[in-house]
Amino acid sequence: MNEVWDGNVVLRPGPSPRHQLIIEALAGALRVGRRDLNVLVGVTVRLGEQRFVIPDIVVTGPIDIDDPVVDAADVHLVVEVVSPVSTTLDHTLKMHGYAEAGIPWYLLVEQDSNALRGHYLVGGAYQERSVMQLEQILAG
């Protein structure tokens, strides 16, 4: 998967089967009972003129579903499932980029501990607001 940060192409390996199963399960849990939100997997988000990323999951309100790129202003939540090769990218570059773009919620799913860390945007930076275990969310 390719992303663009300030005009530079960032190559990322594709997700492992475990990574993909977590994404699918979490996207399904986020969709339950919500018809007013779009829960999207693998879509491109425009963070700025030279920044295009592909978060694991994106939650939006109404959007043009035929536009191949979602603007950050339309995104309520981004989710990244952290893997050994993406930990620095997810915890630093993406966290700061999503905050700069004004996305209100950032959820990090840490595979090694099965922790979901919910961050809320306050004053231009994310603050951790909640920590749950992945099993708690998927169990309903």
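Look above for the structure.
Notes on the structure follow. Remember, it's a predicted structure, so these values are computed and weren't measured experimentally.

## Looking at the environment of V85
Structurally, V85 can be placed in the loop between β8 (75-82) and α2 (87-100). Accessibility expressed as a relative area gives 65% for V85, which makes it exposed.

## A word on the pairing of β8
Of all 8 residues in β8, 7 are buried; the element is thus mostly enclosed. Relative to β8, strand β6 (residues 57-60) is paired through 4 bridges, and the arrangement is antiparallel. Residue pairing for β8: T60 is matched across the bridge by V75. Note that the unit made of β8, α2 and strand β9 (residues 105-110) has a crossover that is right-handed.

## Here's the deal with the nonpolar core
Core analysis: the biggest nonpolar cluster contains 18 residues, and V45, L47, V75, Y98, I103, Y106 and Y126 have the highest contact counts within it. When residues of this core are traced back to their parent elements, those giving at least two are β4 (44-48), β8, α2 and β9. Judged by nonpolar contacts, the second largest core, of 14 residues, contains L26, A27, V59 and V109.

How each quantity is defined
- Residues numbered from 1 in each chain as written.
- Predicted model: local features only at pLDDT ≥ 70, side-chain atom pairs only at ≥ 80, totals over all residues.
- Heavy atoms only, no water.
- Helix = DSSP H or I, 4+ residues; strand = E, 2+ residues; numbered from the N terminus.
- Buried < 20%, exposed > 50% of the residue type's maximum accessible area, 1.4 Å probe, protein only.
- Pairing = 2+ DSSP bridges.
- Right-handed = clockwise from strand over helix to strand, strands pointing away.
- Core = buried A, V, L, I, M, F, W, Y, C linked by side-chain atoms within 4.5 Å.

The values reported here are purely geometric and, on their own, carry no functional implication.
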